[in-house]
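So you can see what is in the structure, the chains are spelled out below.
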Amino acid sequence: MSTRREQLSLVPARAWDRLRLEVSPGSARERWVRLRARAWLIVQIAVGAALAWWIARHLVGHVLPFFAPVTAMICLGLTYGDRIRRIVELTVGVAIGILTADVFVQWFGSGTWQILLVAGTAMSLAVLLGAGQLLMMQAGIQGVLVTTLVAPEGAALSRWVDALVGGSVALVIAMLAPTRSTTQRPRERAVAAVGHLAAVLTDTTQAMRSRDLDRARGALTTARRLSEEVDALRDATAEALAAARLAPLLSGVHRDQVRQIQEMIGPLGLAVRNVRVLVRRSVAAVEDGEFVPPTYTDMVEALAQAAATVQEQLVDQAPLAEVQEDLITLARRSTWSHPQAGLSAEVLRAQVRSTVVDLLVLSGMGPAEARRRVPATREEYDPGHVEDEDR
């Protein structure tokens with residue numbers, strides 16, 4: 001019993017220690033950093049809510065435009081990535097829920113069974129229009145709110161108009177004054193995609209050296225998902241470019257950075273396709289027990305290192321041209337074929353060469369120059385080697 005009392009007596013002290021830890025200077029600094037990072041977003045949400053209310057109240061003439069500021073806040077606050085597209089989607093989702101409920105309540109009133117039907121109908125319509133789970137839930141939530149909050153007499157469909165006002169205000173704010181994440185997102189996605197490309201090549205190298213079929217298949221699964229990352233990068237870049245054109249608050253530096261990423265998308269997509277073929281042939285080689293010359297495996301490893309260097313340069317926002325010399329050296333090595341190499345090994349070598357061209361273009365070299373830097377044969381690279389062998 002005494003032990004139990006002693007343990008209970010320590011509870012207030014522990015609580016006090018925990019409280020002191022939570023409000024410690026280090027914790028306070030971290031919270032201040034978070035606040036500074038989100039300050040621009042908070043300002044946008046607050047201004048959007050107030051502006052949406054003012055427009056719906058004084059320009060549209062609605063007495064209590066509750067859904068205008070609510071929709072603006074939802075759209076601006078839940079859209080960190082692919083912001084403009086998601087604002088449009090959220091506005092559609094909210095509008096579907098409100099319109100469904102407004103029409104339903106006008107005919108059948110509000111109550112338990114009405115909530116059931118409105119929520120189900122609104123979410124079903126959202127899904128039929130291609131909405132994801134978040135937008136589906138927003139449609140259902142807004143429908144339930146409208147069903148339970150009885151509109152004033154003569155205010156039919158006004159709440160749906162308020163939702164459109166709120167979404168439109170959010171869209172204008174997102175285009176004219178985007179958050180830093182809008183322009184940073186393309187670089188972040190590019191860094192992730194190139195990093196995963198390097199990881200796939202590294203796993204492929206290890207799988208071929210250890211004849212690990214499971215690892216080779218795992219690398220192929222990851223390689224097949226890289227195309228989705230390139231598509232996401234393309235969408236994020238298109239949004240950032242639209243924001244850069246429309247937003248007066250964005251500097252020219254931000255616009256240049258986004259354009260740099262845009263120029264990478266084409267060669268990165270080609271590199272992903274070539275690496276996918278490379279990995280597929282490595283799986284076939286390991287599965288069939290085909291001989292892959294160690295020099296070919298070394299080429300794949302060198303390609304992985306080059307991709308990793310590109311990723312580092314993107315993170316540091318350094319010139320990508322620094323990787324070109326390593327790629328040119330790899331291109332020269334790739335002209336040497338092995339007499340015992342089988343079909344899969346030769347396809348693998350060919351894909352290394354194609355990917356080198358893609359990465360050279362990605363790093364800023366012109367396509368024609370990049371192809372010229374990858375010699376077609378050993379004779380083209382070193383015409384004198386035949387004479388040396390004859391001696």
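What you see is a predicted model, and the numbers here were worked out from it, not measured in a lab.

A. Fine view of the overall build of the chain. Regarding its fold elements, the chain presents 16 helices and 0 strands. Looking at the chain as a whole, 42% of its 391 residues qualify as buried. On the chain, roughly 20500 Å² of surface is accessible, and the fraction owed to carbon and sulfur atoms is 59%.

B. Region of interest: the pattern of salt bridges. Summed over the entire model, instances satisfying the criterion amount to 9 salt bridges. Of the charged contacts in the structure, one is a salt bridge between E369 and R373, with a shortest N-O distance of 2.8 Å. Take E369: its relative accessible area is 27%, and that puts it in the partly exposed class. Connected through salt bridges with shared partners, the residues R209, D298 and E301 form a single ionic network.

C. Region of the structure containing the UniProt feature "transmembrane region" (unreviewed entry) in the chain. Residues given the UniProt feature "transmembrane region" (unreviewed entry) here are residues 39-56, 62-80, 87-109, 115-136 and 157-177. Secondary structure across residues 39-56 comprises 100% helix and 0% strand; the distance between its end C-alpha atoms is 26 Å. Spanning residues 87-109, this segment combines 96% helix with 0% strand, and its end C-alpha atoms are found 30 Å apart.

D. Main features of the packing of helix α12 (residues 324-333) against helix α13 (residues 343-362). Following both chains from N to C, one finds α12 and α13 inclined at 160°, their axes separated by 10 Å at the closest point. When the axis of α12 is compared with that of α13, the two are roughly antiparallel. When the axes of α12 and α13 are compared, the crossing they make is left-handed. In contact with Q324, L327, I328, L330 and A331 of α12, α13 contributes V352, R353, V356, L359 and L360.

E. Region of interest: the nonpolar core. Among the nonpolar cores identified, the biggest contains 56 residues, and L268, L314, V352 and V356 are the most heavily contacted of them. Mapped by element, the contributors of at least two residues to this core are α8 (180-210), α9 (213-246), α10 (252-288), α11 (294-316), α12 and α13. At 12 residues, the largest contribution of residues to this core is made by α10. With near-sequence residues (within four places) excluded, L314 lies in contact with R187, A190, V191, V194, I261, M264 and L320. Core analysis: the second largest hydrophobic core is formed by 18 residues, A68, C75, L76 and L135 among them.

F. Examining helix α7 (residues 158-176) more closely. With 19 residues, α7 ought to run about 27 Å at 1.5 Å a step, and its terminal C-alpha atoms sit 27 Å apart, in line with that. All buried positions along α7 are accounted for by S158, R159, D162, A163, V165, G166, G167, V169, A170, I173 and A174.

Parameters at a glance
- Residue indices follow the written sequence of each chain, beginning from 1 at its first position.
- Selection of residues for local features in this predicted model requires a pLDDT of at least 70, selection of side-chain atom pairs for listing and counting requires 80 or more, and totals for whole chains, interfaces and linings are taken over all residues.
- To obtain the side-chain values, all non-hydrogen atoms of the structure were used and water was disregarded.
- Helical segments are the DSSP runs of H or I of at least four residues, strand segments are the runs of E of at least two, and each set is numbered from the N terminus.
- Only protein chains enter the calculation, and the probe is 1.4 Å; a residue is then buried if its accessible area is under 20% of its type maximum, exposed if over 50%, and partly exposed in between.
- Computed with the Shrake-Rupley method and a 1.4 Å probe, the accessible areas treat only the protein chains shown as cover for residues.
- Criterion for a salt bridge: a side-chain nitrogen of Lys or Arg within 4 Å of a carboxyl oxygen of Asp or Glu.
- UniProt positions are given in the numbering used here, feature names are shortened, and annotations may be inferred rather than shown by experiment.
- Helix axes use the C-alpha atoms of the stretch in contact, all axes being lines fitted to C-alpha atoms, and the angles between their N-to-C directions lie in the range 0 to 180 degrees.
- Working definition: roughly parallel below 35 degrees, roughly antiparallel above 145 degrees, roughly perpendicular at 65 to 115 degrees, and oblique for all remaining angles.
- Each crossing gets its hand from how the near helix is turned against the far one by less than a right angle, where anticlockwise is left-handed and clockwise is right-handed.
- We call two residues in contact whenever any of their non-hydrogen atoms come within 4.5 Å of each other.
- Buried Ala, Val, Leu, Ile, Met, Phe, Trp, Tyr and Cys residues that are joined via side-chain atoms within 4.5 Å together make up what is termed a nonpolar core.
- Here, expected helix span is obtained from the residue count minus one, scaled by 1.5 Å.

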